[in-house]
Amino acid sequence: MAAADVAYAPPMKSGKAGFEAGLMDPQHRIRITLSSRSVKNLEKVCGDLVKGAKGKDLKIKGPIRMPTKVLHITTRKSPCGEGTNTWDRFEMRIHKRVIDLISTPDVVKQITSITIEPGVEVEVTISDP
Amino acid sequence: MGGRGGGGGRKARNFATFRLFPRAGAADPNDRVFVRVDNNDYTVPGFADEDSFDSSLSDPSAGDGNFHSASGPLPEHVRREILELGLPDDGYNYLSHLRELRPAAAAASSFVPSSTARPEPLPLDVKAYDASRVRVGPSDGELDEGKTMCKVAAKTAPVRRIEKAVDPDVARLLDESDVSHVGSEDEGLEEDFVIIANRAEGEELEEEDIEEMEEWNGVLSDVEEEFDFEEDEPKPRVRRLLDEQFDLLALEEYGDSDDDDRVVKDGEYELPSEAIDELKLFQSQNVCVDEEYRTPADFVRQKQDSSTADDVDESARVIKKCAEYAERYLNESAEEEVVVLVSESSEESEIWDCETIVSTFSNLDNHPGKIETPGIPRKRLPRVFPGETTTTNDIIKLHGKEKLPVEYLPQRRRNGEKKKVKPVEASVTDKFKKGAENETKEEKKARKAAVKEEKKEARKAKKELKGLYKSETQKAQKVAAVTGPSSIRLI
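Parameters and conventions
Residue positions within a chain follow its written sequence, with the count starting from 1. Think of it this way: whatever chain is written first is A, whatever ligand is written first is 1, and the rest follow in order. Per-residue local features are limited, in this predicted model, to residues with pLDDT of at least 70; the limit for side-chain atom pairs, both in listing and counting, is 80 or more; totals at the level of whole chains, interfaces and linings are taken over all residues. Note that water and hydrogens are dropped before the side-chain values are worked out from all heavy atoms of the structure. UniProt positions are given in the numbering used here, feature names are shortened, and annotations may be inferred rather than shown by experiment. Runs of H or I in DSSP of at least four residues are treated as helices and runs of E of at least two as strands, each being numbered from the N terminus. Buried residues are those whose accessible area, probed at 1.4 Å on protein chains only, stays under 20% of the maximum for their type, while exposed residues exceed 50% and partly exposed ones sit between those limits. By the convention used here, residues are in contact when the closest approach between their heavy atoms is within 4.5 Å. To be clear on the numbers: accessible area is Shrake-Rupley with a 1.4 Å probe, and residue cover counts the displayed protein chains and nothing else. Only buried Ala, Val, Leu, Ile, Met, Phe, Trp, Tyr and Cys residues count toward a nonpolar core, and they belong to the same one when joined by side-chain atoms within 4.5 Å. Here the quantity called buried area is the total loss of accessible area, with a 1.4 Å probe, experienced by two parts when brought into contact, counted for both. Here, a salt bridge means any side-chain nitrogen of Lys or Arg that lies within 4 Å of a carboxyl oxygen of Asp or Glu. In protein, a polar contact means a hydrogen-donor-capable atom and an acceptor-capable atom, both N or O and within 3.5 Å, with residues adjacent in sequence counting only if both atoms are side-chain atoms; elsewhere, any N or O pair within 3.5 Å suffices. Charged residues are taken to be Asp, Glu, Lys and Arg, nonpolar residues to be Ala, Val, Leu, Ile, Met, Phe, Trp, Tyr, Cys and Pro, and polar residues to be all remaining types, Gly included.

As recorded by an unreviewed UniProt entry, chain B carries the name Low temperature viability protein and is attributed to Miscanthus lutarioriparius. One UniProt comment on chain B, placed under Sequence similarities (unreviewed entry), says "Belongs to the LTV1 family."

Labelled according to an unreviewed UniProt entry, chain A appears under the name Small ribosomal subunit protein uS10 domain-containing protein, originating from Miscanthus lutarioriparius. Quoted verbatim from the Sequence similarities (unreviewed entry) heading of the UniProt record, the comment on chain A is "Belongs to the universal ribosomal protein uS10 family."

Now the structure itself:
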């Protein structure tokens, strides 16, 4: 039964988890927050994590994209006050993705031991299910 | 969760947050650790807690050291490692601060001499020639300088690129020398090789040894001094000019009469005569470093009597002389003295008198105005204060285009104006007398508002005008800065 479930319907992973609850007791709700300034690296890491989690048949809520935070700094271009009042507009974009899992912490440690691109910050929050 | 308004009861914080950080001191950037970043009581047994323990255990030195370092002395193996690294043994575990070298970095840090690098260029006063073709002929007696120079010059070629000549044999020897040189005392020179060589000279072939000794003498003549003089003097050695000078010096210094060898024999080196004279002069000056300090007077006197007990006599002599002078002073008569008076003739005072100098300032810096009688003092503040007039006169007169209260402005003594003011005053006072009592407040407000408006307009106009001609002003300022006094500011 368990095998059939897995083969047929990926969304039914919760059933499988329930079955095997006896083996791995401490199932936690795990939230992985990834943040970065570069979208490419972030998406890559995201994809790897999701792939890894799916490979271990965990219940996963796919990368939720948070709104990008744009930090602005607007300064005068001139070092002195003279001249036409021109302004520089600098911005820094922070992208955030959230991945929710239900699994044991060990598995999560394994998954996150993949090569992470530079510049991507990983934060893991573990809670009771 | 929107239902909870601000400041409602907090939810139970049973979660733990971890962050991935690269491990401190790790070579691999992928070597990361989960570090807890919140303060909740929630514990996750299978996560970062174990991780930190693992790291501490796997590090052999830090296993006990981490926990005991604060309390007792470090365990032995830890201390040994610290000492091996050359760090001080003061009870602190320096191993926790060590950093692993990255493998890539280690490979990159080994030195590979570059093939394209050019060695240091020669200094400007040095020129390099390739002398590989010069044949060094057998050394007969005839070392005719001219011929050898020609031979050498013919065969040498100028060299453009200078490479450091690395002979493989030499390189090998250099490499070996560091390692194998420590214990090779048999091959190396002994410390007293000079003495041995000197001693052995008299017995064996004199010529060869003499030539060898020649080279050492210049350097080690003072070293020889330190050795016992009871050993044989270097008699068989060819005497040089320096030896003679040394003997002379020794004679003068110590007063011994060593008249053994006065044979002047020129050695291989022949100094030019000027140098010899110089040296003699130098030596005769007897400038030497003695154990005690000597003034030049001492040196002069020393030539006459070379005794060190002069100091006591000196002081006695000085005292005697002082006494003599004192006596002379007392006894001499006044006529004998010739007092020379030197009068300061200040010639400047003859040329200048107080009428000719007005000021030491020059017209280049100062632009004195024409001197006039001081004018009437002009005061900025109005003599008539507002407080006074309200009691005397309830009406404030506005005059002029800008409708300003003339009486409250700084007074200007112009006769023309005065005449104008008075008749105007009379007509205006007639007009305003009627509604004076009732409308004072409104009138005041209106007046003040009007004044404000005028001033505002004036300011705006001024600013406009200023901006309009800003570039012109700048140019003018530049010109004024160069030519005129620095106090002028146009901008």
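Notes on the overall build of chain A
Per the secondary structure count, chain A includes four helices and five strands. The order of helices and strands in chain A, counted from the N terminus, is α-α-β-α-β-β-β-α-β. Buried residues in chain A amount to 31% of all 129 residues. Partitioning the contacts of chain A with sequence separation of at least 6, the portion at a separation of at least 24 is 75%. On chain A, roughly 8200 Å² of surface is accessible, and the fraction owed to carbon and sulfur atoms is 58%.

Some points on the nonpolar core
A:I32, A:L34, A:I99, A:L101, A:V124 and B:F47 are the most contacted members of the largest nonpolar core, which totals 28 residues. Where this core is concerned, the elements lending two or more residues are strand 1 (28-36), helix 3 (39-55), strand 4 (87-103), helix 4 (105-111) and strand 5 (120-127) of chain A together with strand 1 (15-22) of chain B. Examining the composition of this core, we find that six residues originate from one element, helix 3 of chain A, more than from any other. Beyond its immediate stretch of four places on either side in the chain, B:F47 contacts A:P105, A:V108, A:K109, A:V124, A:I126, B:F18 and B:F34.

Some remarks on the interface of chain B and chain A
Quoted interface sizes are often the accessible area lost when the parts come together. Residue-level contacts link 14 residues of chain B with 18 residues of chain A. Note on chain B versus chain A: buried area summed over both sides is about 1500 Å², and carbon and sulfur give 52% of it. On the chain B side of the contact with chain A, B:R19, B:Y42 and B:F47 bury the most area, a combined 29% of that side's loss. Linking chain B with chain A are two salt bridges. One salt bridge connects A:E121 with B:R19, and the closest N-O pair in it is separated by 2.6 Å. At the boundary of chain B and chain A, one finds nine residue pairs in polar contact (both at pLDDT 80 or more). Going through the elements one at a time, strand 1 and strand 2 (32-36) of chain B are the ones with two or more residues in the side of chain B that touches chain A. Here the side of chain B that touches chain A gets six residues from one element, more than from any other, and that element is strand 1 of chain B. Looking at the side of chain B that touches chain A, its residues break down into eight nonpolar, four polar and two charged.

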